[in-house]
Each structure stands twice: as structure tokens, then as C-alpha cells.
Amino acid sequence: MQNATLVALSGQVALRRKLDVIANNVANMDTAGFKRVSLDFEETTMPKASATLFPRRDRDNRFVRELATVHDFSAGSIEMTGNDLDVAIEGENGFFAVGTPAGERYTRAGDFAIDSTGRLVTADGKPVLGDGGEITFEPEETNISIAHDGTISTSAGLKGKLRIAEFPDTTVLSKDGENLYSASAVPQAPAFVRVRQGALEKSNVSGVQELTAMLDVQRAYERISNMVKQQNDLSSRAIERLGSVNA
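Just so it is clear, the model here is predicted, and its values are computed rather than measured.

Rules used throughout
Residues numbered from 1 in each chain as written. Predicted model: local features only at pLDDT ≥ 70, side-chain atom pairs only at ≥ 80, totals over all residues. Heavy atoms only, no water. Helix = DSSP H or I, 4+ residues; strand = E, 2+ residues; numbered from the N terminus. Buried < 20%, exposed > 50% of the residue type's maximum accessible area, 1.4 Å probe, protein only. Contact = heavy atoms within 4.5 Å. Areas by Shrake-Rupley, 256 points an atom, 1.4 Å probe, with all protein chains shown as cover. Core = buried A, V, L, I, M, F, W, Y, C linked by side-chain atoms within 4.5 Å. UniProt positions renumbered as here; feature names shortened; annotations may be inferred. Pairing = 2+ DSSP bridges. pLDDT = per-residue confidence, 0-100. Salt bridge = Lys/Arg side-chain N within 4 Å of Asp/Glu carboxyl O.

Bringing the overall build of the protein into the picture now. When you go through the protein residue by residue, the secondary structure sums to two helices and 18 strands. Here the protein holds 247 residues, and the buried ones make up 35% of them. Within the protein, contacts between residues separated by at least 24 positions form 62% of all contacts whose residues are at least 6 apart in sequence. Carbon and sulfur atoms make up 51% of the accessible area of the protein, which totals about 14,600 Å².

Okay, the nonpolar core next. In this structure, Val 87, Phe 96, Leu 120, Ile 152, Leu 162, Ile 164 and Val 195 are the most contacted members of the largest nonpolar core, which totals 16 residues. Not counting the four nearest positions on each side in its chain, Leu 162 is found in contact with Val 87, Phe 96, Leu 120, Val 128, Leu 129, Gly 130, Asp 131, Ile 135, Ile 146, Gly 150 and Ile 152. Listed in part, the ten residues of the second largest apolar core include Ala 97, Leu 129, Leu 173 and Tyr 181.

This part is about the UniProt feature "domain: Flagellar basal body rod protein N-terminal" (unreviewed entry) in the protein. UniProt records the feature "domain: Flagellar basal body rod protein N-terminal" (unreviewed entry) at residues 7–35, using the numbering of this structure. Split by type, residues 7–35 is 72% helix and 0% strand. Its first and last C-alpha atoms lie 32 Å apart.

A word on the pairing of strand S5 (residues 95–100). The buried count for S5 comes to six of six residues, which makes it a mostly enclosed element. As paired elements, S5 and strand S14 (residues 164–165) share two bridges and run antiparallel to each other. When the bridges of S14 are listed, Phe 96 appears paired with Ile 164. Relative to strand S6 (residues 103–107), S5 runs antiparallel, the two sharing five bridges.

What follows concerns the confidence of the model for the protein. Chain-level statistics for the protein give a pLDDT mean of 87 and a share of 88% at 70 or above. Across the protein, element-level confidence peaks in strand S8 (residues 120–121) with a mean pLDDT of 98 and bottoms out in strand S2 (residues 61–71) with 76.

Here the focus is the sheet that holds strand S12 (residues 151–154). Across the sheet, which stays open at both edges, the three strands sit in the order S11-S12-S13 with antiparallel pairing between neighbours. Bordering the open sheet on either side are strand S11 (145–146) and strand S13 (157–161), each of which pairs with just one other strand. When S12 meets S13, the two strands line up antiparallel, connected through four bridges. Directly across from Ile 152, in S13, lies its bridge partner Gly 160.

On to the pattern of salt bridges. Evaluation of the coordinates by the stated rule reveals 14 salt bridges. For Arg 16, the salt bridge is made with Asp 20, and the minimal N-O distance between the two is 3.7 Å. Pair noted here: Arg 16 and Asp 20 are both in helix H1 (residues 2–27), with a separation of four residues, about one helical turn. Exposure remark for Asp 20: the relative accessible area of 40% places this residue in the partly exposed category. When salt bridges with common partners are traced through the structure, they connect Lys 35, Arg 108 and Glu 201 into a single cluster.

Attention shifts here to unusual backbone geometry. Excluding glycine, residues mostly have negative phi values, and the peptide bonds linking residues are mostly trans. With a phi close to 55°, Asn 143 is a non-glycine residue in the positive phi region. Among the secondary structure elements, Asn 143 is positioned in the loop between strand S10 (133–134) and S11. Accessibility expressed as a relative area gives 62% for Asn 143, which makes it exposed. A positive phi angle, near 55°, is found at Glu 178, a position not held by glycine. With respect to the element layout, Glu 178 can be found in the loop between strand S15 (173–175) and strand S16 (181–183).

Laid out in C-alpha cells, this is it:
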């Protein structure tokens, strides 16, 4: 009975972790460039006991454990905003390169701005990188234009070109917080890329899908909780009966 409780507990822990991931997806439904996250689980078997004196042979105890975090990098829908500093990458391939104190990171969120020093930055103030490094503007510059290949120009002329990084194998990417990804491999320059100025890629999270998944998790959690309660009640009755026999 203790083993049954431990198996149930492993399932509850997995479901709680899955619920946290679903809640995070829902919370970022309106975050530009956010990619849906899901979890993969696997069944793991504990070694069998070595006792041979019982009429029935010992059975395996099968637990649940988290196997991997999976990111869905499918493209979200593109929404026109009319803001000159909003940029969307069309299609699934390509990420904007961003400079951070920890090194280069990557994002699909193109809601850019210009900070007090004239740098092109992400929504949380990190510098957006071009082919030649950070992209900067002078206060008097106007008419910011971003071509389909990422080339940026203003009233002062050419300012640089957005550096787009491509990862043929997206499993090398891991979430680094603030809608950024780190990479365990060197990115490639895409053979073809097309960006759209005045637009943002929306999150690829489906509210209906996440709500359905959340309800499924809650029902599964309740079923396990009921099973644990039944096991505890059975244990209590067994202890009471043994106590009365000994008395």
C-alpha cells in the first residue's frame, strides 16, 4: 500500500509540473513571439524486491518522471501594428539575435524600441544585434525603414542589417527566460529570410487547446487524489483490525 501511494505521488508531481507549464502558456498568450511549451513524461520501473517467500511473486513498481521539455517552434500569426519598430519574421525559420551579459541570445519577439542612448533594443532593454554589432540611431534621424531582408535605413542613410540566426535543429535551443533562448550550437545564416516592418508575430498558444489540457490535468489529479484517499482508508482499517486482534 505504501508503494501504491508513492506511485500515485509521482503521478501527482508530474501533473503539477504539467499544470505549471500550461499556466505559463496561458499567461503568455499575448506575448509577442512566445512559443508554446509542453512536457514529455516516461514510465520508469523500480527494481523488483528479492523476497521469494511469498505465494505471489513481487511486482514491478512503475513511476512517472519528466523526460523532456518540448518547445513548439511553429510560427504564430502575424498582426499588423503600424509601429515602425515592430518587426516580424515570416515563416518558422530564423531568430533575432540579442546581446546579453551572459552572451548572445535569440528571440522571435520583434517588439523593438530605441533606448535613451539611441540603441535598438528589445522590449526589456537588451540590444538587438545587426551584422556589425549593435544598431544605433541619432536623435535627429527620422523615417526608419526596415526592408524585407532586414536592412535598416533612416533619413541619415544605411544603419545596418538585422542579424537573423537560423537553427536547422531547434533541439539545441533552451529557454533562457524573458522570451529568449540560448543555443548549444553555432547558428547558421539563413539562405533566405523575409521580415515585415510594422508587424508582430503573435504567440502560437491556442487558448482552447490549453484550457482543454488544463481540465484533463485537473481530472487526472482528482482521480489520483481519490485513489490515495482510498489507500489511506484501507491502511487505517487494516491497522485497526490488527490492533483489535492483538488486543
